[in-house]
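Below are the chains, spelled out letter by letter.
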Amino acid sequence: MKVKYIKDWENELNICIRCAYCFEGCPVFKELGWEIDGARGKLIVVYGLLTGELEPSEYIAEKLFQCTFCRDCVERCSADISVPDIMGAIRADLFDAGYSYDSHKELTKKIENSGNIFGNELKVPVFEGDKAVLLGCRLVERKEDSEKYLTILEKLGVKTKTFNESCCGMPFAVLGDKKGFKTQQDKFIETLPDKNEEFICACTTCVFFIRAKYPDLKAKYIIDEIVERLPDYKGKLKKLNIKVTYHDPCNVARGMDMVDEPRMLLKEIGAELIEMPTNGKQAECCGGGGGLLVSDDKLAEKLAEKRVEQAIKTGAEILTTLCPTCEFNLKNAVEKLGGKIEVKNLLDLLYESMM
Amino acid sequence: MGLVSVQTLKEIVGAENAKDDKADLYVYGSDSSVHQAMPWVVVRPHTIEEVQNIMRYANPRLIPVIARGAGSGMSGQAVPIKGGIIMDLKKMNKILEINLEDTFVRVEPGVVDDDLNRALKPHNVFYPPAPASSRIATIGGEIANNASGVRSVKYGAVRDSVLGMKVVMANGDLIHLGAKTRVEATGYQIDRLMVGSEGTLGIIVEATLKFVPIPKYRCLGIAKFNKLGDAGNAISEIMSSGIILSMLELMDNIAIKAVNQALDLGLPDVEAILMFEADGMAKEGVDVEVKRMMEICKKHKGFGLELSYDAKERTRIFSGRKKLFPSLSRYKEGYVCTSLADDMAVPYSKMAEMAKMIHEIAKRNNVIMTAYGHCGSGCMHTKILMDPTKEAQWEDAKRAVFEIYNFVRSVGGTTSAEHGIGISKAPAFKREKHESLELMRALKKALDPNNILNPGKLMDAPDDWVTATKLRYTVKLEGK
């Protein structure tokens, strides 16, 4: 295979000491159990593709697309290797070599045609203040919820401004479509009201991705904004008196190092938090990331079911999280498991507490 | 590719538990060493009977069988130098019995060390060897390697925790070794022979391990030294003074610099840091031991002394040591951290001399080496930092390794304290154990007459570790 993007990572692949510490928390390895399923195994395969000792195959592509970019391996790595970046690079080489699923193409086509992952014309709720807020595809699609989250910001004193946004391009990047990503990147930037001004981002995946791939943009995570402003609002919050367990989204806990803030918010709204055995930076991934939902939806579903089972065991009535994709994946799993727990975005709980 | 029937193996373990895709074989041909070789097939047995049937299939056909746990070995123990069947034992991972009355636990070989300790913790007991890789290391691999860790000075290596085991022999027979009792004087201690045998004598399919109470108190101290020799003298005196300690760790100036470069922990620019710890059920007892260690450090010009019982504070003090490994990986652009001569043991009185020798050898052989380790058990770790893409660097490393082991033997030390021999350390091991190699070969022949159990390792490994297998790195031939 002609490799282009992975060449830049040869040194990192050499630096990996192959200690296998990444096995410990890898959700895919824990589910499938062969060494090729863990980060070390994947990096060895990538090295083989780089050196030509391995030729690409459908099987190799399947294995390399079975990664949720959850960063658990990064957290545990003995050599600080950024596995998701390497996965992104090899997927780009695989894409160029023709290894792309129909489900990938279907998704990226939808974005190209409509500017969002659903392929529909979505109406962004209209707020005409001065602080731009990017909702992200999944929240734009949930218009009512978007309005609630914008209302939270309004109540905290932010004069929000929505705009006719376009996808940040994350799906193109994780599925290896570099050219498609470049095109979508331009579209995304074009839709921003002012690319030099800071904007608030309500989606965890978007904000993490934008910070990594658009270094010139100033994306502020909605939780940071809320936490900053909440002290002035504290007395007005209604105590909900609910039992919840919190699922740390990978991009929030490991990606943005945010573990305490969501827990502080839960405390403020009178939610009793019962932790799952793995939480914070060690939290297990729900399987919704890295394009797994379109590469291997069955595996994504299994991982979500495992996480939901852990949540049910806590005895909590609500499984709350912050990431709309986690929410989507966990809700599906709950439905499959007979609805023994309710999945709610933490922002929904905060809204209830404000009303 | 050898003459192996994947179909037959699939019939033994189930179709979903055997693989022969080249990508899988490539992955299973590697571990945490510098070596790489291709197996012919990978199988994942779930029961003792399946292991027996695999051996019964492989033995008459002279097909090599390589048992594999996490594949975290640093010397190439699990690298299939002669090809064959990789037997991945990670799915045999049940804790079979926790017997609190008789203080033992029975486990399958694929149980991960930390998982075992998580299961034991509610009972206030623990399985103590604690190698650094305990988060992923399997019990089977630890036994086959005779692993140890930072607290082995007090609690011993894996061999000190093994009471007995079940082993599947090369011909598929299942034998019970050892006992469930703390002591046993019933002839040959064949279970002991299996410990550290690196999969060359039998497949460990069950282990009976002892556990010990979790100490109520643990106190960690740190001392800095301007001279490595002073730290060495402190080590010697601590270890010869009858102190009951649970840890004694050394970091040299390269290790300190690596951690500071990577993490900005602000460790002082000194030649050596010692970290010492005592634990126990009574605080008074722990106090006595740590204070004696502190006094000895002071006497040998140790300064910046700190002591703490607090778990968070202990974590802070130990963070530099904990982060050493990743830091070494980032020490110099283009260099990687290799495990070559990496875990020798020398007498306590020679620790400082060993550390100095490591620096001298590194300098004259154009590589970077650091000295750190579990001084309490006499184990000195080194890592050779080198550019693995340059052919000449491998010659440099080979010379450095040779010189290190010459020194180790000259002071009465031994080739490996805890990482095992495998392929990388076989040349030094053979020089050290030259008088007993034929005995080892006779034992191997008696237990594995067809030489199918992890062949080409230990006494049968090639004499040149650099050319023993393909290296995992791509070496360019243009010189330094």
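Model, not experiment: these values are computed from the prediction. (Residues numbered from 1 in each chain as written. Chains lettered and ligands numbered in written order. Predicted model: local features only at pLDDT ≥ 70, side-chain atom pairs only at ≥ 80, totals over all residues. Heavy atoms only, no water.)

**Considering the overall build of chain B**
For the record, the criterion: The helix and strand labels rest on DSSP assignments: H or I over at least four residues marks a helix, E over at least two residues marks a strand, and numbering proceeds from the N terminus. Note on method: radius of gyration uses C-alpha positions; expected globular size equals 2.2 Å times residues raised to 0.38. Exposure categories follow from relative accessible area, calculated using a 1.4 Å probe and restricted to protein chains: below 20% of the type maximum is buried, above 50% is exposed, and the middle band is partly exposed. Whether two residues are in contact is decided by their heavy atoms: any pair within 4.5 Å suffices.
Within chain B, the regular secondary structure consists of 16 helices and 21 strands. A compact globule built from 480 residues should have a C-alpha radius of gyration of about 23 Å, and chain B, at 22 Å, falls within 12% of that. With the C-alpha coordinates of chain B rotated into their principal frame, the extents come out at 65 × 65 × 40 Å. For chain B, with 480 residues in total, the buried portion stands at 62%. Long-range pairs, those at least 24 residues apart, make up 73% of the contacts in chain B with a sequence separation of at least 6.

**What about unusual backbone geometry?**
Leaving glycine out, the prevailing phi sign among residues is negative, and the prevailing peptide bond configuration is trans. Within the chain, Arg-71 of chain A stands out as a residue other than glycine whose phi angle is a positive 70 degrees. For Arg-71 of chain A, a relative accessible area of 19% corresponds to the buried category. Phi at Leu-458 of chain B is positive, roughly 50 degrees, even though this residue is not glycine. Tracing the backbone through its elements, the reader meets Leu-458 of chain B in the loop between helix H16 (437-447) and strand E21 (470-471). By relative accessible area, Leu-458 of chain B is classed as buried at 9%.

**Observations concerning the nonpolar core**
Filter applied, for reference: Side-chain atoms within 4.5 Å are what join buried Ala, Val, Leu, Ile, Met, Phe, Trp, Tyr and Cys residues into a set we call a nonpolar core.
The biggest cluster of nonpolar side chains holds 169 residues, and the ones touching the most others in it are Ile-210, Ile-222 and Ile-226 of chain A. In contact with Ile-210 of chain A, not counting residues within four places along its chain, are Leu-134, Cys-168, Phe-188, Phe-199, Cys-201, Pro-215, Leu-217 and Ala-219 of chain A. Formed by 40 residues, the second largest nonpolar core is a distinct cluster that contains Cys-19 of chain A together with Ala-70, Ile-254 and Ile-368 of chain B.

**Brief notes about the environment of Glu-55 of chain A**
Residue and element names in this part refer to chain A. Quick reminder of the rule: Definition of a polar contact: a pair of N or O atoms within 3.5 Å, with one able to donate and the other able to accept a hydrogen when the atoms are protein atoms, and with sequence-neighbouring residues admitted only if both atoms are side-chain atoms.
Along the chain, Glu-55 turns up in the loop between helix H3 (39-51) and helix H4 (58-65). Residues Glu-55 and Val-45, spaced ten residues apart in sequence, show a C-alpha to C-alpha distance of 9.7 Å. Sequence-distant contacts of Glu-55, that is, excluding residues within four places in its chain, are made with Met-1, Leu-49 and Ile-60. Here the side chain of Glu-55 touches Met-1 through a polar contact of 3.3 Å, landing on its backbone nitrogen.

**Here's the deal with the domain arrangement of chain A**
All names here are of chain A. Put simply, the rule is: Domain delimitation follows an automatic or database domain assignment. Computed with a 1.4 Å rolling probe, the buried area is the accessible surface lost when two parts are put together, summed over both parts. One side-chain nitrogen of Lys or Arg within 4 Å of one carboxyl oxygen of Asp or Glu is enough to make a salt bridge. Any residue that is not Ala, Val, Leu, Ile, Met, Phe, Trp, Tyr, Cys, Pro, Asp, Glu, Lys or Arg is counted as polar, Gly included; the first ten are nonpolar and the last four charged.
Assigned domains within chain A: domain 1 (6-96), domain 2 (131-227) and domain 3 (237-354). With centres defined by C-alpha atoms, the gap from domain 1 to domain 2 works out at 29 Å. Contact residues are listed per partner, giving six residues for domain 1 and six residues for domain 2. Across the domain 1 to domain 2 interface the summed buried area is about 580 Å²; carbon plus sulfur atoms make up 66%. Looking only at domain 1, the three residues that lose the most surface to domain 2 are Arg-91, Ala-92 and Phe-95, adding up to 53% of its buried area. Our enumeration of links across domain 1 and domain 2 arrives at zero salt bridges. For the pair domain 1 and domain 2, the interface holds one residue pair in polar contact (both at pLDDT 80 or more). Looking at the side of domain 1 that touches domain 2 element by element, the count peaks at three residues for helix H6 (residues 83-96). A class-by-class count of the residues in the side of domain 1 that touches domain 2 yields four nonpolar, no polar and two charged.

**With respect to the packing of aromatic side chains**
All names here are of chain A. For the record, the criterion: Each aromatic pair joins two rings of Phe, Tyr and Trp (for Trp, the six-membered one) with centres within 6.5 Å, and gets the label stacked for planes under 30 degrees apart, edge-to-face for over 60, and tilted for any other angle. The criterion for a charge sitting over a ring is simple: Lys NZ or Arg CZ within 6 Å of the ring centre, and within 35 degrees of the ring normal.
Under the criterion given, the structure shown has ten aromatic pairs over all chains. Residues Phe-209 and Tyr-214 carry aromatic rings whose centres are separated by 6.5 Å and whose planes lie at 70 degrees to one another, so their mutual orientation is edge-to-face. By the burial criterion, Phe-209 is buried, and Tyr-214 matches it. Cluster of aromatic residues (ring-pair linked, three or more members): Phe-181, Phe-188, Phe-209 and Tyr-214. Its guanidinium or amino end placed over the ring of Phe-328, Arg-138 lies 4.4 Å from that ring's centre, counting from NZ or CZ.

**Focus on the interface of chain B and chain A**
Opposite the 45 residues of chain B that make contact, chain A presents 37 residues. One can count four salt bridges joining chain B with chain A. Salt-bridge contacts for Lys-90 of chain B lead to Glu-35 of chain A; the nearest nitrogen and oxygen are separated by 2.5 Å. Secondary structure elements with two or more residues in the side of chain B that touches chain A: strand E1 (18-19), helix H2 (22-28), helix H12 (324-329) and strand E17 (336-338) of chain B. When residues of the side of chain B that touches chain A are assigned to their parent elements, the largest contribution, six residues, is made by H2 of chain B.

**A few points about helix H8 (residues 228-240) of chain B**
All names here are of chain B. Using the following cut-off: In this scheme, a helix's expected span is set at 1.5 Å multiplied by one less than its residue total.
With 13 residues, H8 extends 19 Å from end C-alpha to end C-alpha; this agrees with the ideal 18 Å at 1.5 Å per step. Among the residues making up H8, those that are buried are Leu-228, Gly-229, Asp-230, Ala-231, Gly-232, Ala-234, Ile-235, Ile-238 and Met-239. Gly-242, located one to two residues past H8, shows a positive phi value of around 80 degrees.

**As for the pattern of salt bridges**
Applying the stated criterion to the full structure yields 60 salt bridges over all chains. Across the pair Arg-68 of chain B and Glu-35 of chain A runs a salt bridge, and its minimum N-O distance is 2.7 Å. Remark: Glu-35 of chain A occurs in the loop between helix H2 (27-32) and H3 and Arg-68 of chain B occurs in strand E4 (residues 65-68); the pair is interchain, linking two chains. You'll find Arg-68 of chain B and Glu-35 of chain A in the same group, each marked buried.

**Brief notes about the sheet that holds strand E7 (residues 318-321) of chain A**
All names here are of chain A. Short version of the rule: A strand pair is defined by DSSP finding two or more bridges across the two strands. Geometry is summarised by axes, namely lines fitted to C-alpha atoms with helices restricted to the contacting stretch, and by angles between N-to-C directions that run from 0 to 180 degrees.
With parallel pairing, four strands are arranged side by side in an open sheet as E6-E5-E7-E8. Edge positions in the open sheet fall to strand E6 (271-273) and strand E8 (342-345), since each of these has one partner strand only. Ignoring strand direction, the axes of neighbouring strands in this sheet form an average angle of 40 degrees. Sheet analysis places E7 next to E8, joined by four bridges and oriented parallel.

**Quick look at the packing of helix H13 (residues 351-364) of chain B against helix H14 (residues 391-410) of chain B**
To characterise two packed helices, one gives the angle between the axes of the helices and the distance between these axes. Residue and element names in this part refer to chain B. This is how the line gets drawn: Roughly parallel covers angles under 35 degrees, roughly antiparallel covers those over 145, roughly perpendicular covers 65 to 115, and oblique covers all other angles. Crossings are assigned a handedness: left-handed for a near helix turned anticlockwise from the far helix by less than a right angle, right-handed for a clockwise turn.
One can describe the packing of H13 onto H14 by two numbers: an axis separation of 10 Å at closest approach and a directional angle of 155 degrees. One finds that H13 runs roughly antiparallel with respect to H14. Of the two elements, H13 crosses H14, and the hand of that crossing is right-handed. Residues Glu-353, Met-354, Met-357, Ile-361 and Arg-364 of H13 form the contact with H14, whose participating residues are Ala-400, Glu-403, Ile-404, Phe-407 and Val-408. Among the residues forming the contact of H13 with H14, the class breakdown is seven nonpolar, no polar and three charged.

**Quick notes on the pairing of strand E5 (residues 85-88) of chain B**
All names here are of chain B. Burial of the side chains of E5 extends over both faces: Ile-85 and Met-87 are buried on one face and Ile-86 and Asp-88 on the other. Of the strand pairs in this sheet, strand E3 (residues 41-43) and E5 are connected by three bridges, and their pairing is parallel. Across the sheet, residue Val-42 finds its bridge partner in E5, namely Ile-86. When E4 meets E5, the two strands line up parallel, connected through four bridges. Of the residues in E5, the one forming a bridge with Ala-67 is Met-87.

**What about the packing of H4 of chain A against H6 of chain A?**
Residues and elements named next belong to chain A. Relative to each other, H4 and H6 sit at 150 degrees, their axes nearing to 10 Å. The handedness of the crossing between H4 and H6 comes out as left-handed. Residues Ala-61, Leu-64 and Phe-65 of H4 pack against Met-87, Ile-90, Arg-91 and Leu-94 of H6. Classifying every residue of the contact of H4 with H6 gives six nonpolar, no polar and one charged.

**With respect to the sheet that holds strand E3 (residues 199-201) of chain A**
Residue and element names in this part refer to chain A. Taking strand neighbours across the sheet as the criterion, the four strands line up as E2-E1-E3-E4 in an open arrangement whose pairing is parallel. Each end of this open sheet is capped by a strand with a single partner; those strands are strand E2 (160-161) and strand E4 (219-221). With three bridges connecting them, E3 and E4 associate as parallel partners. Residue pairing for E4: Phe-199 is matched across the bridge by Ala-219. This element, helix H12 (residues 204-213), spans strand E1 (131-134), E3 and E4 of the sheet and lies at about 140 degrees to E4.

**A word on the pairing of strand E5 (residues 242-246) of chain A**
All names here are of chain A. For E5, the tally of buried residues reaches four of five residues, placing the bulk of the element in the interior. Pairing of E5 with E6, which is carried by three bridges, proceeds in the parallel orientation. Bridging from a neighbouring strand, Ile-242 pairs with Ala-271 of E6. Relative to E7, E5 runs parallel, the two being bridged by three bridges. In the sheet register, Tyr-246 faces E7, and the bridge partner there is Thr-320.

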